[in-house]
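Letter by letter, the chains look like this.
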Amino acid sequence: MRETPEELKELQALLETSLSRSTSHLRSIVTENTLTAEQVTRILTGMCTLALSTVTAKGEPRISGVDGHFLHGTWLFGTARDAAKARHLAARPAVSAAHLRGEDLGVFTHGTVEILNPRHGEPSADWPYLRTYLKDFYGDDSFDWDNDVVYYRLRPHWMTAYAPGADKLIAESRP
């Protein structure tokens with residue numbers, strides 16, 4: 001868990017606000033098994049495959065898989081700079097993402113992405129820290145971290161997380 005107390009507080013507020021604004025149907029499914037911010041950060045460790053949804057210029061939905069890393073209360077993910085999703089995200093940064101583990105876990109997020117390492121621009125202030133995290137995870141010499149891949153942070157405006165057996169997932173996520 002890398003989140004600060006303030007980040008946990010913000011994530012908890014987001015989870016509670018999102019659930020309160022959800023439909024009665026969704027609340028009837030997830031309320032009894034909703035995760036707290038602390039549980040979310042304990043479960044979402046390492047790489048979590050995300051189904052990421054973007055939109056084409058014609059308004060057509062597209063979904064693809066990305067390696068998601070949940071750090072400091074937000075999702076991080078990358079793609080090749082010349083990938084179709086990179087073009088979609090540059091033009092239309094609103095996305096939805098889902099991380100599912102069968103029927104044991106569901107994390108759903110809607111928000112806007114920001115580029116962490118733009119090709120022709122200033123990187124995010126925390127890009128050196130995040131790049132170090134990613135290099136440690138994937139291996140330092142996998143590719144040119146600043147030029148081959150573009151990384152994004154998904155800033156959520158809505159998020160819900162549920163798990164019928166949170167204690168078991170937390171125990172399985174411990175290093």
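Look up a bit, the structure's there.
Residues numbered from 1 in each chain as written. Predicted model: local features only at pLDDT ≥ 70, side-chain atom pairs only at ≥ 80, totals over all residues. Heavy atoms only, no water.

(A) Representation of the sheet that holds strand β3 (residues 74–80) within the structure. Ordered in space as β1-β2-β3-β6-β5-β4, the six strands form a closed barrel in which the pairing is antiparallel. Neighbour-to-neighbour, the strand axes of this sheet turn through a mean angle of 40°, independent of strand direction. Relative to strand β2 (residues 61–71), strand β1 (residues 47–55) runs antiparallel, the two sharing nine bridges. Residue pairing in the sheet places Thr-54 in a bridge with Arg-62 of β2. (Pairing = 2+ DSSP bridges. Helix = DSSP H or I, 4+ residues; strand = E, 2+ residues; numbered from the N terminus. Axes fitted to C-alpha atoms, helices over the stretch in contact; angles between N-to-C directions.)

(B) Quick peek at helix α6 (residues 166–173). Turning to α6, its buried residues number three or more, namely Ala-166, Leu-169, Ile-170 and Ser-173. The arc that holds every buried residue of α6, seen down its axis, measures 100°, which confines them to one face. In α6, the exposed positions that point more than 90 degrees away from the buried face belong to Asp-167, Lys-168 and Glu-172. Where α6 is buried, its residues meet α3 (37–43), β4 (94–101) and β5 (105–115). (Buried < 20%, exposed > 50% of the residue type's maximum accessible area, 1.4 Å probe, protein only. Arc of directions from axis to C-beta. Contact = heavy atoms within 4.5 Å.)

(C) Inspection of the pairing of strand β6 (residues 149–162) at higher detail. Of all 14 residues making up β6, 11 are buried, and the element is well covered by its neighbours. Sheet topology note: the β3/β6 ladder contains six bridges and is antiparallel. Bridge assignment links Ala-80 to a residue of β6, and that residue is Val-149. Examined bridge by bridge, β5 and β6 share 10 bridges and lie antiparallel to one another. What sits directly across from Ile-115, in β6, is Tyr-152.

(D) Quick peek at the pattern of salt bridges. All told, the structure shown has seven salt bridges when counted by the stated rule. Across the pair Arg-42 and Glu-38 runs a salt bridge, and its minimum N-O distance is 3.0 Å. Taken together, the positions of Arg-42 and Glu-38, both in helix α3 and four residues apart, correspond to about one turn of that helix. With a relative accessible area of 38%, Glu-38 lands in the partly exposed category. Here Glu-114 makes a salt bridge to Arg-153, at a shortest N to O gap of 3.6 Å. (Salt bridge = Lys/Arg side-chain N within 4 Å of Asp/Glu carboxyl O.)

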